[in-house]
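Commentary on secondary and tertiary structure
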Amino acid sequence: MTKKKLSKKLDVIFSKYIRWYYADANGYVECYTCGVTKPVKEMQAGHFQSRRHYATRWHTNNCRVQCQKCNIWEQGQQFIFGNKLKAEIGDVKFNELIQLSNSTAKYTQQDYEDMIAYYKKELNKLM
């Protein structure tokens, strides 16, 4: 499988992991930025630092659950997202996340396969 296909597969699994990680026992989850609660399947994994930054694309500190309105139509509500995230993870981790997003990450095929396996295993624990 090509790296591009592995990246897409990892995106799908990681998104499910993030949404289920924050879900309640009934499969409902709250949007990180606006607070609306919906079923997991109707929500998305929003990123504080853009997905184009591969170093933080699959970093759990960079992702929280968002509704489609906040994540897509309102460009992730980055200001609100950032303020909440900074309060949640603290200044040090927040600043490290920003620095990491500005670094270059080059993943091998094995790296993708390992991350896919890891998040599949973790997702199965949640579901």
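Attention in this report is confined to the structure presented alongside it. (Residues numbered from 1 in each chain as written. Predicted model: local features only at pLDDT ≥ 70, side-chain atom pairs only at ≥ 80, totals over all residues. Heavy atoms only, no water.)

Counted by the stated rule, this structure contains 5 salt bridges. For the salt bridge of Glu 88 with Arg 64, the shortest nitrogen-to-oxygen distance reads 2.9 Å. Taken as a pair, Glu 88 in helix α4 (residues 78–101) and Arg 64 in strand β4 (residues 63–67) lie far apart in primary sequence, 24 residues in all. Of the residues examined, Arg 64 reaches a relative accessible area of 3% and is grouped as buried. (Salt bridge = Lys/Arg side-chain N within 4 Å of Asp/Glu carboxyl O. Helix = DSSP H or I, 4+ residues; strand = E, 2+ residues; numbered from the N terminus. Buried < 20%, exposed > 50% of the residue type's maximum accessible area, 1.4 Å probe, protein only.)

Here α4 contains 24 residues, and its C-alpha end-to-end distance of 15 Å is more than 12% below the 34 Å for a straight helix at 1.5 Å per residue. The sharpest bend along α4 comes to roughly 120°, located at Gly 90. Taken together, the buried positions of α4 are Phe 81, Gly 82, Leu 85, Ile 89, Phe 94, Leu 97 and Ser 101. (Expected span 1.5 Å × (residues − 1). Bend = angle between axes of the 7 residues up to and from the residue.)

It is worth spelling out the pairing of strand β3 (residues 43–47) at this point. Within β3, 4 of the 5 residues are buried, which leaves it mostly tucked inside the rest of the structure. Of the pairings in the sheet, the one linking β3 to β4 comprises 5 bridges and is antiparallel in character. Along β4, the bridge assignment pairs His 47 with Cys 63. (Pairing = 2+ DSSP bridges.)

In contact at an axis separation of 9 Å, helix α1 (residues 3–21) and helix α5 (residues 109–126) are set at 25° when each is read in the N-to-C sense. Taken together, the axes of α1 and α5 lie roughly parallel to each other. Viewed along their axes, α1 and α5 form a crossing whose handedness is left-handed. Of the residues in α5, those in contact with Lys 3, Leu 6, Ser 7, Lys 9, Leu 10, Ile 13, Phe 14, Lys 16, Tyr 17, Trp 20 and Tyr 21 of α1 are Gln 109, Tyr 112, Glu 113, Met 115, Ile 116, Tyr 119, Lys 120, Glu 122, Leu 123 and Leu 126. Per-class residue counts for the contact of α1 with α5 are 13 nonpolar, 2 polar and 6 charged. (Axes fitted to C-alpha atoms, helices over the stretch in contact; angles between N-to-C directions. Parallel < 35°, antiparallel > 145°, perpendicular 65-115°, else oblique. Left-handed = near helix turned anticlockwise from the far one by under 90°. Contact = heavy atoms within 4.5 Å. Nonpolar A, V, L, I, M, F, W, Y, C, P; charged D, E, K, R; others polar.)

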